[in-house]
Amino acid sequence: MIANNTYLWIKAVHVIAVISWMAAMLYLPRLFIYHCRTRKDFSQSKTFKLMERRLLCYIMNPAMVIAWITGLWIAWKIYDFRGGWLHLKFIVVILLSAFHGFLMRATRHFAQNRNQLSEKSWRILNEVPTALIIIAVIAVIIKIPD
């Protein structure tokens, strides 16, 4: 049996990591929207490239890793990987991770001045994490049955 205090600390770290990850996943596409507007201004573009890389490397990547590690620990130790709601949450987290990978690639493309998407496309893509996290939160809180 796991000490209740240990579980609560790991759960707290998990929630903090998820909040940080989601904040970064919402902010990075917003930076891309502004970056699209600066294609002709080298100094502004350079600033956005630095902001995007730092957000990805110092916040988004570590937060995702911590969210995954603590989430898997909780799923294993507390829920024994059982429950329809948990499986739905895993699907959502896998989709969020895929979107994370897409944003990593986009960051490289912006750094190389190879972005192919429009400002409007980035505005639409900015809503992807919101839609997915809504599904995850509902699954966790409501505990959708098998």
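Here the structure is shown first, and the text comes after it.
All values derive from a computational prediction rather than experimental measurement.

## What about the packing of helix 1 (residues 4-36) against helix 3 (residues 84-111)?
1) Next: As a packed pair, helix 1 and helix 3 sit with axes 11 Å apart at the nearest point and diverge in direction by 40 degrees. Note that helix 1 runs across helix 3; the crossing there is left-handed. Counted together, His14, Trp21, Met22, Met25, Leu28, Pro29, Phe32, His35 and Cys36 of helix 1 and Lys89, Val93, Leu96, Ser97, Phe99, His100, Leu103, Ala106, Thr107 and Phe110 of helix 3 form the full contact between these two elements.

## Focus: the layout of surface pockets
1) Next: The volume enclosed by the largest pocket comes to roughly 620 Å³.
2) Next: As for the largest pocket, its lining consists of 27 residues, and the residues nearest its centre are His14, Val15, Val18, Lys89 and Val140.
3) Next: For the lining of the largest pocket, the elements supplying multiple residues, two or more each, are helix 1, helix 2 (42-77), helix 3 and helix 5 (128-142).
4) Next: Sort the elements by how many residues they give to the lining of the largest pocket and helix 1 lands first, with eight residues.
5) Next: By residue class, the composition of the lining of the largest pocket is 22 nonpolar, two polar and three charged.

## Focus on helix 2
1) Next: Here helix 2 spans 51 Å end to end across 36 residues, near enough to the 52 Å set by a 1.5 Å rise per residue.
2) Next: Along its length, helix 2 reaches its greatest deviation from straightness, about 35 degrees, at Leu56.

## Description of the pattern of salt bridges
1) Next: Counting across every chain of the model gives three salt bridges.
2) Next: The shortest N-O distance in the salt bridge between Arg37 and Glu119 comes to 2.9 Å. Within this pair, whereas Arg37 is found in the loop between helix 1 and helix 2, its partner Glu119 is found in helix 4 (residues 119-125), the two being separated by 82 residues in sequence.
3) Next: Classification of Glu119 by relative accessible area gives partly exposed; the value is 25%.
4) Next: Its salt-bridge partner being Asp80, residue Arg82 comes within 3.1 Å of it at the nearest N-O pair.

Parameters at a glance
- Residues numbered from 1 in each chain as written.
- Predicted model: local features only at pLDDT ≥ 70, side-chain atom pairs only at ≥ 80, totals over all residues.
- Heavy atoms only, no water.
- Axes fitted to C-alpha atoms, helices over the stretch in contact; angles between N-to-C directions.
- Helix = DSSP H or I, 4+ residues; strand = E, 2+ residues; numbered from the N terminus.
- Left-handed = near helix turned anticlockwise from the far one by under 90°.
- Contact = heavy atoms within 4.5 Å.
- 1 Å grid on protein atoms, 1.4 Å probe; cavity = no way out; pocket = protein on both sides within 12 Å on 5 of 7 lines; lining within 4 Å.
- Points joined across faces, edges and corners; volume = space filled by probe spheres on them.
- Nonpolar A, V, L, I, M, F, W, Y, C, P; charged D, E, K, R; others polar.
- Expected span 1.5 Å × (residues − 1).
- Bend = angle between axes of the 7 residues up to and from the residue.
- Salt bridge = Lys/Arg side-chain N within 4 Å of Asp/Glu carboxyl O.
- Buried < 20%, exposed > 50% of the residue type's maximum accessible area, 1.4 Å probe, protein only.

Any functional reading would require information that these geometric values do not contain.
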